[in-house]
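So you can see what is in the structure, the chains are spelled out below.
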Amino acid sequence: MSKFTFVELFAGIGGVSFGFERLGGRCLLAAEYDPAREGKRQFVQEGYKMLHPGVKVVGDVRELVAEDVPAHDILSFTFPCQSFSYSGKRGGFKDERGSLYFEALRIADAKKPKIIFAENVKGIIGNSGGKTLEAVVKAANDCGYIIDYSVLNSRYFGTAQKRERWYMVGVREDLIEPEAWSDAKGSSILARSKRRIGSQANTFNFEWPSQQKPLTGLTDILE
């Protein structure tokens, strides 16, 4: 018996599914773009099906009809990062890939899961002078979710790699009371963005994991 159900958009090979499954979750639907219509083979979607047998996998999120999505507890969307990455052109929402965030919220708005969970690169925080993240938060609020976000570094969670990623958790507004952010102090880009956005957003304080000491070093995995 699963503890909760979830849907994973922009699924890749199912990185989020791996984590949620370990916590007792059951994926009801995964969406990953399939370029077969362009005559290209989709290794990623094939990889998901192999690693997560039994899960229904569909293609382009833009073609996903909300009514076809089963009711679920958590909606996960690790939307494309190229338009927000420091190593890209940083087109933000002007880049079609960046605007796919709103396709995920289209599903959230229709299905109203208890929680939404999003992930992207750290660069989304400062993209377009902070206006991109302001739009991200406002859109989630407008869909009825009270949110918190942070930056987590993979080096503190068992990998020998420094990899910073932005994460956002939203709880449906009928399930939680809003509260001001308590971590908006300091000079980091995260704190500055929270001071700028917090006064005009519906927010809460999620209990983010501690990032005190790296768990794994390169010497731990090299022979």
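A brief structural summary. Computed from a predicted model, the values in this text were never measured in an experiment.

What counts and how
- Residues numbered from 1 in each chain as written.
- Predicted model: local features only at pLDDT ≥ 70, side-chain atom pairs only at ≥ 80, totals over all residues.
- Heavy atoms only, no water.
- Salt bridge = Lys/Arg side-chain N within 4 Å of Asp/Glu carboxyl O.
- Helix = DSSP H or I, 4+ residues; strand = E, 2+ residues; numbered from the N terminus.
- Buried < 20%, exposed > 50% of the residue type's maximum accessible area, 1.4 Å probe, protein only.
- Pairing = 2+ DSSP bridges.
- Right-handed = clockwise from strand over helix to strand, strands pointing away.
- Patch = residues over 30% accessible without salt bridge, like charges linked within 9 Å, V, L, I, M, F, W, Y side chains within 5 Å.
- Areas by Shrake-Rupley, 256 points an atom, 1.4 Å probe, with all protein chains shown as cover.
- Axes fitted to C-alpha atoms, helices over the stretch in contact; angles between N-to-C directions.
- Parallel < 35°, antiparallel > 145°, perpendicular 65-115°, else oblique.
- Left-handed = near helix turned anticlockwise from the far one by under 90°.
- Contact = heavy atoms within 4.5 Å.
- Expected span 1.5 Å × (residues − 1).
- Arc of directions from axis to C-beta.

**Brief notes about the pattern of salt bridges**
Inference 1: Applying the stated rule across the entire model yields 11 salt bridges.
Inference 2: Note that Lys 114 is salt-bridged to Asp 73, the shortest N-O span being 3.9 Å. One end of the pair, Lys 114, is in the loop between α3 (100–111) and β5 (115–121); the other, Asp 73, is in the loop between β3 (57–58) and β4 (74–77), and 41 residues separate them in sequence.
Inference 3: Classification of Lys 114 as partly exposed rests on a relative accessible area of 42%.
Inference 4: Across the pair Arg 172 and Asp 174 runs a salt bridge whose closest N-O atoms are separated by 2.7 Å.
Inference 5: What makes Asp 174 exposed here is its relative accessible area of 53%.
Inference 6: Overlapping salt bridges bring together Asp 148, Asp 183 and Lys 194 as one network.

**Quick notes on the pairing of strand β2 (residues 25–31)**
Inference 1: Among the seven residues in β2, six count as buried, and that is most of the element.
Inference 2: In terms of strand pairing, strand β1 (residues 4–9) meets β2 through six bridges, oriented parallel. Counted as the bridge partner of Val 7 is Leu 29 from β2.
Inference 3: Crossover β1 to β2 through helix α1 (residues 15–22) is right-handed.
Inference 4: As paired strands, β2 and β3 are joined by two bridges and run parallel to one another. Opposite Ala 31, over in β3, you have Val 58 as the bridge partner.

**Topic: a nonpolar patch on the surface**
Inference 1: Judged by side-chain polarity, Ile 13, Phe 18, Val 44, Met 50 and Leu 51 come together as a nonpolar surface patch covering roughly 430 Å² of accessible area.
Inference 2: Among the elements that make up the nonpolar patch, the one with the highest residue count is helix α2 (residues 43–51) (three residues).
Inference 3: Here Phe 18 lies in helix α1.
Inference 4: Classification of Phe 18 as partly exposed rests on a relative accessible area of 30%.

**Concerning the packing of α3 against helix α4 (residues 131–142)**
Inference 1: For the pair α3 and α4, the least separation of the axes is 10 Å and the interaxial angle reads 10 degrees. In terms of orientation, α3 and α4 fall into the roughly parallel class. Here α3 runs over α4; the crossing is right-handed. Between α3 and α4, the residues in contact are Tyr 101, Phe 102 and Leu 105 and Val 136, Ala 139 and Ala 140, respectively.

**A closer look at α3**
Inference 1: For α3, spanning 12 residues, the distance from its first C-alpha to its last is 17 Å, which sits close to the expected 16 Å at 1.5 Å a residue.
Inference 2: Regarding α3, the residues found buried are Leu 100, Tyr 101, Ala 104, Leu 105, Ile 107 and Ala 108. What you see down the axis of α3 is that its buried residues fit within an arc of 155 degrees, all on one side.
Inference 3: In the core, the buried residues of α3 are packed alongside β1, β4, β5, α4, β6 (145–153) and β7 (164–172).
Inference 4: Looking one or two residues past α3, Lys 112 carries a phi angle of roughly 50 degrees, positive in sign.

**Quick word on unusual backbone geometry**
Inference 1: Residue Phe 10 is not a glycine yet carries a positive backbone phi of 55 degrees.
Inference 2: For Phe 10, a relative accessible area of 13% puts it in the buried group.
Inference 3: Despite not being glycine, Lys 112 has its phi angle at roughly 50 degrees, a positive value.
Inference 4: Tracing the backbone through its elements, the reader meets Lys 112 in the loop between α3 and β5.

**Comments concerning helix α5 (residues 189–198)**
Inference 1: Every buried residue of α5 is accounted for by Leu 190, Ala 191, Ser 193, Lys 194 and Ile 197. Looking straight down α5, one finds its buried side chains confined to an arc of 160 degrees; they lie on one side.
Inference 2: Residues of α5 that are buried in the fold lie against α4 and β6.

**Observations regarding the sheet that holds β5**
Inference 1: Strand order in this open sheet of seven strands is β3-β2-β1-β4-β5-β7-β6, and the pairing throughout is mixed. Both edges of this open sheet fall to β3 and β6, since each of them pairs with a single strand only.
Inference 2: Inspection of the sheet shows β1 paired to β4 by four bridges, in the parallel sense. Looking at the pairing, Val 7 lines up with Leu 75 of β4.
Inference 3: Of the strands in this sheet, β5, β6 and β7 are in contact with α4, which crosses β6 at around 140 degrees.

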